[in-house]
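Inside the fold
Listed below are the residues making up each chain.
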Amino acid sequence: MTYSGAVKVGGPADVHELADLMISKVAVGPMDNNAYLLRCRATGEQLLIDAAADPDTLLQLIGDDSVAGVVTTHRHGDHWQALEDVVRATGARTYAGRHDAEGIPVPTDVPVDDGDTIRVGRVELTARHLVGHTPGSIVLVYDDPHGHPHVFTGDCLFPGGPGRTTQPDEFNSLMDGLEAKLFGVLPDETWVYPGHGNDTTLGAERPHLAEWRARGW
């Protein structure tokens, strides 16, 4: 079936099958968080992005092959409610942005800086540090050698705008980072997997950058 990225809490995962990577998306918890399970097709190794809630759902998604690591995109509590349970059940290594790790109650095994590489099997993801939604938010970029890039943006970018900020300097910082590290270097075809809601592409959002700047959110 064609991947749409439209999922709902209690519903099945939607699976995006790439040449080297399988991406399974589920919605969990009272805030409709997205969690993403990445599986290297060559090795079977798996990586979870945001153990947000509903640990039973996530562990069922992970299955018997377990998971090598869990990346938490940022410190907000709705993105790590199931982290302790998933790590206890799987022994997975934990990753988070260096400047958000102190706000996550489960210890971070690997603090992540801008430009760091996180591997799942033979697949490499590049972390980009964005300041604004939180001090240490990270997004993960998979530059698919067989197609277009894919970006897991946490709460930094959604269809229709950047993530929530509370001060003008935070908004400007987030927009500067999005424009420099995503929109400025990646093509329109880049697929965006956000922390809540439906997916989008950079091409769908690019025409609205000036509008976002003008409105201030």
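Whatever comes next refers back to the structure up there.
Just so it is clear, the model here is predicted, and its values are computed rather than measured. (Residues numbered from 1 in each chain as written. Predicted model: local features only at pLDDT ≥ 70, side-chain atom pairs only at ≥ 80, totals over all residues. Heavy atoms only, no water.)

Quick notes on the sheet that holds strand β10 (residues 137-143)
Spelled out, the test is: Being paired, for any two strands, means DSSP has found at least two bridges between them. Helix and strand definitions here come from DSSP, where helices need a minimum of 4 consecutive H or I residues and strands a minimum of 2 consecutive E residues; each element is numbered from the N-terminal end. The criterion used for residue contact is that any of the two residues' heavy atoms lie within 4.5 Å. Helix axes use the C-alpha atoms of the stretch in contact, all axes being lines fitted to C-alpha atoms, and the angles between their N-to-C directions lie in the range 0 to 180 degrees.
Read from one edge of the open sheet, 6 strands run β8-β9-β10-β11-β14-β15, paired in mixed fashion. On the outer flanks of this sheet lie β8 (117-120) and β15 (200-201), each paired with one strand and no other. Pairing analysis gives 4 bridges linking β8 to strand β9 (residues 123-130), with the strands arranged antiparallel. What sits directly across from R119, in β9, is E124. Strands β9, β10 and β11 (149-154) of the sheet are contacted by helix α3 (residues 168-183), whose axis makes an angle of about 150° with β9.

Section: the sheet that holds strand β6 (residues 93-97)
Ordered in space as β1-β2-β3-β4-β5-β6-β7, the 7 strands form an open sheet in which the pairing is mixed. The open sheet has two edge strands, β1 (14-17) and β7 (110-112), and neither has a second partner. Strand-to-strand twist in this sheet, taken as the mean axis angle between neighbours without regard to direction, amounts to 20°. With 4 bridges joining them, strand β5 (residues 69-72) and β6 adopt parallel strand pairing.

Thoughts on helix α2 (residues 83-90)
Here is the rule we go by: Exposure categories follow from relative accessible area, calculated using a 1.4 Å probe and restricted to protein chains: below 20% of the type maximum is buried, above 50% is exposed, and the middle band is partly exposed. Arc definition: directions from the helix axis to the C-beta atoms.
All of the buried residues in α2 are L83, V86, V87 and T90. Axial view of α2: buried residues confined to an arc of 95°, hence all on one face. When the buried face of α2 is taken as reference, the exposed residues oriented beyond 90 degrees from it are R88 and A89. Structurally, α2 contributes buried residues whose contacts are with β4 (46-49), α1 (55-62), β5 and β6. Phi turns positive one or two residues past the end of α2, at G91, with a value near 70°.

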